[in-house]
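# Examining the three-dimensional arrangement
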Amino acid sequence: MKLWLVRHAQPLIDAGVCYGATDVAADAAATQVAAQTLSLQLPGDGVVWVSPLQRCEQLAQALQALRPDLACKTDERLREMDFGCWEAHRWDAIPPAAYDAWTADFGEHRFGGNESVAEFMSRVALAWDEIQGKGQDSIWITHAGVMRAVSLLAQGVRQINDAAQWPTQAPGFGQWAVVSG
């Protein structure tokens, strides 16, 4: 089984802003370029599972216009992590004490008050387990955080307690990675 992890195009928000669960649109031209490139690479007759955030839905709609053989379904589990009160704030404006509290209890602390890494990993793991059970190729249009969580899940890691364990790499905007499960 292969899982295609596709990241939305460049969001229309300033660089350096925390926008995990913030529902911002993506650049329309970049979305179209990503859809065109992706449409040539994806396997046929599949289901595309899509984060409900508009930056992902835009890419799904553009892709489906080019590839009507692909059915798109929204999946709440593919949303980016929710950073609560820090959403739409500049990362460099968040007080150091907030980062310290998060890194001191990286797995369980709710950075911004809404969702912990453990809760986020659990949410993504539910979707991961579902596709593992089906044993067929799948396509997710999602976010960098979800892609990082899947990289851990693919290695059998379901829980992390140390910020140093969190992957730093993810495909760029409008790019994808393929994970074998």
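Structure: see above.
Notes on the structure in this doc start here. (Residues numbered from 1 in each chain as written. Predicted model: local features only at pLDDT ≥ 70, side-chain atom pairs only at ≥ 80, totals over all residues. Heavy atoms only, no water.)

### Quick notes on the nonpolar core
Ranked by size, the top nonpolar core spans 31 residues in total, and within it V117, V124, W128, W140, V150 and W166 carry the most contacts. Going through the elements one at a time, β1 (2–7), α3 (96–104), α4 (117–134) and α5 (144–154) are the ones with two or more residues in this core. At 8 residues, α4 tops the list of elements feeding residues into this core. Leaving out residues up to four positions away in the same chain, W166 has contacts with F106, V117, F120, M121, G145, R148, A149, L152 and I160. Membership of the second largest hydrophobic core comes to 16 residues, among which are V6, L38, A60 and L70. (Core = buried A, V, L, I, M, F, W, Y, C linked by side-chain atoms within 4.5 Å. Buried < 20%, exposed > 50% of the residue type's maximum accessible area, 1.4 Å probe, protein only. Helix = DSSP H or I, 4+ residues; strand = E, 2+ residues; numbered from the N terminus. Contact = heavy atoms within 4.5 Å.)

### Quick look at the side chain of E115
Relative to the assigned elements, E115 resides in the loop between α3 and α4. Looking at E115, its side chain comes within polar contact range of the main-chain nitrogen of D82, at 2.9 Å. A polar contact of 3.0 Å, which involves the side chain of E115, links it to the side chain of R123. Setting aside residues up to four positions removed in sequence, E115 forms contacts with E80, M81, D82, H109, R110, F120 and R123. (Polar contact = N/O pair within 3.5 Å; in protein donor to acceptor, adjacent residues only side chain to side chain.)

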